[in-house]
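Chain and residue survey
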Amino acid sequence: MKKKAKTKAKAEAEAEAEAETRTGSAFSRWSVLAGRIVSAGIRPEEASCPRCGSRTVQCVVAGDTVTRVGYARCWCATCLHGIHVSRVRAAEGCPLHSWADPDAVPDTPLFHEVHP
Ligand SMILES: [Zn+2]
């Protein structure tokens, strides 16, 4: 890989991640999308569903508010497909619900969970 300016490399990495949500298996597309939301702090409404393309992706991230490690459930409100990812670290920009208080964690709808 050639050496690139930091901002350019970052933009390219983001473009690559965006492209990956349109290729690969359903699981890898959802994994990439969840990673963008949880680790990169992209807002779910800025993302398109990797299955149907709707901009109705929603995500609930719950975990330890100190370490910001927990799980994420991301789904599409239109086609009701999505993913559950464990042991993720939420970026500062990603809303995190404390799992110490189960009542504070929003309910998620019943959706078809994709698996590897
Ligand atoms: Zn969808």
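**Some words on the overall build of the protein**
Summing up its helical and strand segments, the protein has 2 helices and 5 strands in all. Reading the protein from its N terminus to its C terminus gives the helix and strand order α-α-β-β-β-β-β. Expressed as a percentage of the 116 residues in the protein, the buried residues total 25%.

**Looking at unusual backbone geometry**
One non-glycine residue, Leu80, lies in the positive phi region at around 55 degrees. Structurally, the position occupied by Leu80 is in the loop between β2 (69–76) and β3 (81–89).

**Describing helix α2 (residues 26–38)**
Over its 13 residues, α2 extends 18 Å from the first C-alpha to the last, a length consistent with the 18 Å expected when each residue adds 1.5 Å. Among all positions in α2, only Trp30, Ser31, Val32, Leu33, Ala34, Arg36, Ile37 and Val38 are buried.

**Notes on the nonpolar core**
If you look at the biggest cluster of nonpolar residues, it comprises 21 residues, and the most contacted ones within it are Leu33, Ala34, Ile37, Val38, Val57, Val61 and Cys74. Sequence-distant contacts of Ala34, that is, excluding residues within four places in its chain, are made with Ala72, Cys74, Ile83 and Val85.

**Digging into the environment of Arg89**
Here Arg89 is to be found in strand β3. Its 15 C-beta neighbours within 10 Å are what place Arg89 among the partly exposed residues. Along the sequence, Arg89 and Val38 sit 51 residues apart, while their C-alpha atoms lie 7.1 Å from each other. Not counting the four nearest positions on each side in its chain, Arg89 is found in contact with Ser39, Arg68 and Val69.

**Describing the sheet that holds β2**
In space, the 5 strands of this open sheet follow the order β4-β1-β2-β3-β5, with mixed pairing throughout. What marks the edges here is a single partner per strand, and that holds for β4 (97–98) and β5 (112–113). Alignment of β2 against β3, held across 6 bridges, turns out to be antiparallel. Within β3, the residue paired with Ala72 across the bridge is Val85.

Reading the values: rules and limits
- Residues numbered from 1 in each chain as written.
- Predicted model: local features only at pLDDT ≥ 70, side-chain atom pairs only at ≥ 80, totals over all residues.
- Helix = DSSP H or I, 4+ residues; strand = E, 2+ residues; numbered from the N terminus.
- Buried ≥ 20, exposed ≤ 12 C-beta atoms within 10 Å, placed from the backbone.
- Expected span 1.5 Å × (residues − 1).
- Core = buried A, V, L, I, M, F, W, Y, C linked by C-beta atoms within 7 Å.
- Contact = placed C-beta atoms within 7 Å.
- Pairing = 2+ DSSP bridges.

Geometric descriptors of this kind do not, in isolation, establish any biological role.
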